[in-house]
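Commentary on secondary and tertiary structure
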Amino acid sequence: MTTTTPTVATRPWNRQRSSPMPSHRYRDVSERVAVPLTDRTWPTRSLTTAPLWVPVDLRDGNQALAEPMDPERKRRFFELMVRMGYKEIEVGYPSASETDHAFVRLLAETDLAPEDVTIVVFTPARRDLIERTVESIRGITNDVVVHMYTATAPMWRDVVLGKDRDELREMILAGGRDVLEFAGHLPNVRFEFSPEVFNLTEPDFVLEVCDAMTELWDARPERPVVINLPATVEIATPNVYADQIEWMHRNLARRDGVILSVHPHNDRGTGIACAELAVLAGAQRVEGCIFGNGERTGNVDIATLALNLHAQGIDPMIDFSDIDDVRRTVEHATRIELHPRHPYVGDLVHTAFSGTHQDAIRKGFAEHRARAAAEGRPESETAWRVPYLPIDPADLGRDYDAVIRVNSQSGKGGIAHLLETASGIELPRRLQIDFARRVQRHVDGSGAEVDGPELLELFERSYERTPDGTADIDLVAIETAHGAGSRTDLILRVDGTEHHGTAVGVGPVEAVVDLLAACGIAIDIVSLHQTSRTTGSASAALTLLEYRDEAGVHWAAGRDRSVLTASVEAVLQAARAIRSAQTGR
């Protein structure tokens, strides 16, 4: 067994020690492939427009499924892509699968593909398979791209294909000649070549092969050739891939007749970054899967890429305005459930549990509404700058119900927001603090999340309802007269005995307080807030009462169709709590 001397981090604040992982077995990318670019320009560029998106879910994504798509799932997925606005779609590997071949024939024999959608079919550089691929597109009047690929990296040449550079170059050119023989006369057909494992191939060799293919296929602006450069297995930080792409972009022959495309995978978890930097480096076209399905850790997620542009103020050229419908279709087709934290589409990506986050979001929403009103424009057209939410969930067809959710991590702002959203109750700040304490005790005991209806029930139980055994204090009748010498006549029942009172020159609330004091129940009112239930209740008037007793400051609430009765009920609810405390009931 090999042993190594443990290494220790050199900084006193970093106490990490060497792990037992056999990292010495692997080589840095610089030892595996040359990256000749030194005067890179991509770091100074900014994204300004969307590239051409090419979803490969029906081919590359499909081959990575434990259960490949049946015709119904493929068709439904294809129709989704068309609705979303994709204009170039890789539909299959017709020489490898009868299902794929049949689907291409379906496109040829029906009007399923609108005339402005380009169809891409995939084939290896083998004559019989190229012939079957071209046969599958017979009768398609749409533009078609025949996509031929061959692995070019040294390990693949040596171990998989058993060919040296010259032999492999000739094999690729032979495939290119077969493509020309079978499809070169078709005016609606263009060609694409992928040197698979481009990112591990010697730059001079991949350039030599790509230039030979664009010369063979006579690449020119009016009939361009796609040169697709895959990071088939991610092996380096994204800046290395960007350097490789920029070097090819600057050195490819017939550059004005080449559409430079990339196809990153996600083995290191940086496929998104690789694609974005590749576009900065000169790529014009991106192949990937909607939400990133693919072999191993997947293809690059072109939905996330597109919405990243949207979040920067750039039109993604694809419609995600009903992202939940997109998700349902993708999950149906792939039979893979998306993670709740998946960017943009996951159930929890617009949700805050943390109290500090919730408070900032709540204030951000209030500021957004106020700014929209001040500017005289709809909220949906007002510049977005709500904290913690990079884009407006409404852009994706989401509502705001799940933006703030309450659990043991939540704070008063989030609790108040959810209560207001669920029931229309707006809490004054001091009541937010009091109610938050009650909610925290509740969730700490259960460990569970609290939804809007449960939060409302807890609010009512805390401030509006009289627990069993509480003092019997009720309003029997009240009459008020306004104008000169305002007057209030009322009857209260306290512990079964009716008490009559008349007050002149004071309001009804003061009249109730005075009569209760005469009954031995003193209430020191600190503040009174009148609001309304704007949702979910026919009894819309709500009074929130802050009062003080020997134990401190407390809250009570009263609710009724009448604002007057709601206010009286709030006072009586406070009286019940005080009397219960006095009597120990």
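Note: the structure precedes this text.
Every value quoted in this text rests on a predicted model; they were computed, and no experiment measured them.

A few words now on the overall build of the protein chain. A tally of regular secondary structure across the protein chain gives 17 helices and 14 strands. Relative to the 2.2 N^0.38 estimate, which gives 25 Å for 585 residues, the radius of gyration of the protein chain is 35 Å and therefore markedly larger than a compact globule would have. Projected onto its principal axes, the C-alpha positions of the protein chain cover 110 × 70 × 45 Å. In the protein chain, once contacts between residues fewer than 6 apart in sequence are set aside, the share between residues at least 24 apart is 67%. About 27,400 Å² of surface is accessible on the protein chain, with carbon and sulfur atoms providing 49% of the total. One finds the centroid of the 63 positive side-chain charges in the protein chain at a distance of 4 Å from the centroid of its 88 negative side-chain charges.

Within this structure, the stated rule accounts for three cavities of 30 Å³ or more. Of the voids in this model, the largest cavity is the one considered here, and its volume is about 80 Å³. Mapped onto the lining of the largest cavity, the elements with two or more residues apiece are α9 (271-280) and α10 (302-311). The element that contributes the greatest number of residues to the lining of the largest cavity is α9, accounting for three residues. Grouping the constituent residues of the lining of the largest cavity by class yields eight nonpolar, one polar and one charged.

Right, let's get into the environment of S194. Along the chain, the position of S194 falls in strand β5 (residues 189-196). Along the sequence, S194 and G269 sit 75 residues apart, while their C-alpha atoms lie 22 Å from each other. Once you skip the residues sitting within four places of it in the chain, S194 turns out to touch H147, M148, Y149, T150, N228 and P230. A polar contact of 2.6 Å, which involves the side chain of S194, links it to the side chain of H147.

Our focus in this paragraph is the nonpolar core. Buried together is how nonpolar side chains tend to be arranged in soluble globular proteins. Counting residues in hydrophobic clusters, the biggest one holds 94 residues, and the most contacted among them are W53, F78, Y86, V91, I245 and I290. The element best represented in this core is helix α7 (residues 203-216), accounting for seven residues. Sequence-distant contacts of Y86, defined by excluding residues within four places in its chain, comprise W53, P55, M81, V117, I290, I302, I318 and F320. Of all hydrophobic cores here, the second largest spans 23 residues; its members include I473, L515, V568 and L572.

Here is what the cut-offs are and how they apply
Residues numbered from 1 in each chain as written. Predicted model: local features only at pLDDT ≥ 70, side-chain atom pairs only at ≥ 80, totals over all residues. Heavy atoms only, no water. Helix = DSSP H or I, 4+ residues; strand = E, 2+ residues; numbered from the N terminus. Rg over C-alpha atoms; globule rule 2.2 N^0.38 Å. Contact = heavy atoms within 4.5 Å. Areas by Shrake-Rupley, 256 points an atom, 1.4 Å probe, with all protein chains shown as cover. Lys, Arg positive; Asp, Glu negative; His and termini not counted. Charge placed at Lys NZ, Arg CZ, Asp CG, Glu CD. 1 Å grid on protein atoms, 1.4 Å probe; cavity = no way out; pocket = protein on both sides within 12 Å on 5 of 7 lines; lining within 4 Å. Points joined across faces, edges and corners; volume = space filled by probe spheres on them. Nonpolar A, V, L, I, M, F, W, Y, C, P; charged D, E, K, R; others polar. Polar contact = N/O pair within 3.5 Å; in protein donor to acceptor, adjacent residues only side chain to side chain. Core = buried A, V, L, I, M, F, W, Y, C linked by side-chain atoms within 4.5 Å. Buried < 20%, exposed > 50% of the residue type's maximum accessible area, 1.4 Å probe, protein only.

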